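What the coordinates show
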Amino acid sequence: MKRFFSCLFIYIVSGLLGAVVLADSSGIKYHLIKTVRLGAAPGGGEYFDYITVDPAERRVYVAHGTEVKVLNGDDFSVVGTITGFKRCHGVALLSTLGKGFVTDGDSGNIAVFDIKSLKVTRLIKTYPDADGIVYDPVSKLLFAFNGDSKNSSVIDPEKEAVVKTIDMGGGPEQPVADGQGTVYDNNEETNKIVVIDTQTLAVRARWPVAPAGAPVAMAMDREHRRLFSAARDPQMLLMIDADSGKVLQSFPISAGVDTTIYDPETGMVFCSTRQGLIHVFHEDSPNRLSVLDTIKTQYGAKTMAMDPKTHNLILVTSDFTARTPKGERHAVRGTGRVLIYRR
């Protein structure tokens with residue numbers, strides 16, 4: 001009888017703990033807490049791209065056409081602007097060197113700036129459509145990915161010079177580094193993930209992403225060696241083994257994905273799309289994702305970052321014109337805004 005009640009007690013407590021876990025997982029509702037207007041960037045039309053968070057210095061860098069707006073990471077006030085670009089995309093920060101690097105796609109340059117003063121100190125000539133950029137701590141090199149040029153510029157950040165150009169075989173998109181000497185990059189044109197060895201500076205493998213196509217957004221669970229690649233045609237999120245390239249799972253998502261984020265503290269995966277949705281998944285195990293939620297944001301909010309300190313989701317969008325006969329909508333100049341969502 002004592003054994004029966006002991007088992008019953010354990011069963012009840014286990015059930016209650018399970019209910020708490022489920023309640024915590026399902027209660028991830030995010031809500032909009034702040035909107036920051038960016039105003040009109042000098043020259044050109046409205047454009048926005050990557051968002052980069054510096055959790056230690058409490059800064060948020062937002063690529064906004066011909067400028068990078070820098071926000072305070074706590075109150076989201078504008079604390080500075082980096083100017084002089086034609087159309088900027090990605091930002092990489094190296095606090096040990098006190099330097100930041102901005103890809104300027106239309107000029108085919110990477111601008112080096114001083115993190116404290118936000119002043120541009122040098123331009124590194126690369127290739128047209130310089131876009132995503134990532135730092136590899138093993139080789140201590142930067143890898144910038146040039147979409148239209150279909151290659152990657154490898155940069156020594158101390159010397160501020162290109163040391164090699166890697167042929168990507170097609171238009172590269174968002175990269176991720178595993179911290180162990182490998183950089184992964186989505187190749188939208190070839191429907192593959194390109195695997196780069198950062199020691200030899202050579203392509204080690206090219207993995208197909210079927211059943212998805214046109215992969216653009218990438219995140220990684222470095223502990224469990226899992227990639228989360230999001231694609232546009234067919235539009236899906238994939239869970240991929242980072243050692244073999246095997247696609248473990250696939251899920252449908254909405255149109256126009258541009259960012260994927262993995263939060264190692266919660267095991268959550270976020271995909272933001274142009275349609276104005278964030279698809280939220282949970283990594284139940286290294287081999288299993290589950291659908292958790294869909295957050296409604298605003299149309300066009302396809303680029304996103306997460307502050308690892310607060311877990312706030314930070315997105316950028318603008319107003320858009322009505323659809324043209326071809327079904328296109330264009331961003332309205334001067335209406336760019338940052339959206340901050342809190343759990």
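Residues numbered from 1 in each chain as written. Predicted model: local features only at pLDDT ≥ 70, side-chain atom pairs only at ≥ 80, totals over all residues. Heavy atoms only, no water.

1. Some remarks on the sheet that holds strand β1 (residues 31-37)
Pairing is antiparallel in the open sheet, where four strands are placed in the order β1-β28-β27-β26. Bordering the open sheet on either side are β1 and β26 (303-306), each of which pairs with just one other strand. Here the average twist between neighbouring strands, direction ignored, is 25°. In terms of strand pairing, strand β27 (residues 313-317) meets strand β28 (residues 337-342) through five bridges, oriented antiparallel. Following the sheet pairing, Val316 is matched in β28 by Val338. (Pairing = 2+ DSSP bridges. Helix = DSSP H or I, 4+ residues; strand = E, 2+ residues; numbered from the N terminus. Axes fitted to C-alpha atoms, helices over the stretch in contact; angles between N-to-C directions.)

2. Quick notes on the confidence of the model for the protein
Averaged over all residues, the pLDDT of the protein equals 92, while 92% of them reach at least 70. A low-confidence stretch, residues 1-26 (pLDDT under 50), is modelled with two contacts involving residues beyond four sequence positions or located in other chains. (pLDDT = per-residue confidence, 0-100. Contact = heavy atoms within 4.5 Å.)

3. With respect to unusual backbone geometry
That bond from Ala210 to Pro211 is cis: its omega, 15°, falls within 30 degrees of zero. Structurally, Pro211 can be placed in the loop between β17 (202-208) and β18 (215-221). The omega angle of the peptide bond from Asp233 to Pro234 is -5°, so this bond is cis rather than trans. Turning to its location among the elements, Pro234 is positioned in the loop between β19 (226-232) and β20 (235-241). For His311, which is not glycine, the phi dihedral falls at a positive 65°. As for its position among the elements, His311 is in the loop between β26 and β27. A relative accessible area of 16% means that His311 is categorised as buried. (Buried < 20%, exposed > 50% of the residue type's maximum accessible area, 1.4 Å probe, protein only.)

4. Quick notes on the nonpolar core
Core analysis: the largest hydrophobic core is formed by 16 residues, its most contacted members being Tyr184, Ile193, Trp207 and Leu227. No other element matches the three residues that β20 contributes to this core. Setting aside residues up to four positions removed in sequence, Leu227 forms contacts with Val176, Tyr184, Ile193, Trp207, Met218, Ala219, Met220, Leu238, Met239, Ile240 and Ala242. (Core = buried A, V, L, I, M, F, W, Y, C linked by side-chain atoms within 4.5 Å.)

5. Remarks on the pairing of strand β11 (residues 141-146)
In regular strands, side chains alternate between the two faces of the sheet. For β11, the buried fraction is high: six of the six residues fall into the buried class. Side-chain alternation along β11 places Leu141, Phe143 and Phe145 on one buried face and Leu142, Ala144 and Asn146 on a second face that is also buried. Summarising the sheet, strand β10 (residues 130-136) and β11 pair through five bridges and their orientation is antiparallel. Counted as the bridge partner of Ala130 is Asn146 from β11. The turn linking β10 back onto β11 is made up of four residues, and Lys140 within it adopts a positive phi angle of 60°. Strand direction decides the pairing type here: β11 and strand β12 (residues 151-156), joined by five bridges, are antiparallel. Residue pairing across strands places Leu142 opposite Ile155, the latter belonging to β12.

6. Focus on the pattern of salt bridges
Enumeration over the complete set of coordinates arrives at 14 salt bridges. Residue Asp293 is joined to Lys29 by a salt bridge in which the shortest nitrogen-to-oxygen separation is 3.3 Å. Placement of Asp293 in strand β25 (residues 288-296) and of Lys29 in the loop between α1 (2-26) and β1 is noted, with a sequence separation of 264 residues between them. Here Asp293 falls in the buried class, since its relative accessible area comes to 13%. Under the relative-accessibility criterion, Lys29 is labelled exposed at 53%. One salt bridge connects Asp74 with Arg58, and the closest N-O pair in it is separated by 3.1 Å. Separated by 16 residues along the polypeptide, Asp74 in the loop between β4 (67-72) and β5 (78-83) and Arg58 in the loop between β2 (51-54) and β3 (59-64) bring together distant segments of the chain. Arg58 sits in the buried class, given a relative accessible area of 10%. (Salt bridge = Lys/Arg side-chain N within 4 Å of Asp/Glu carboxyl O.)

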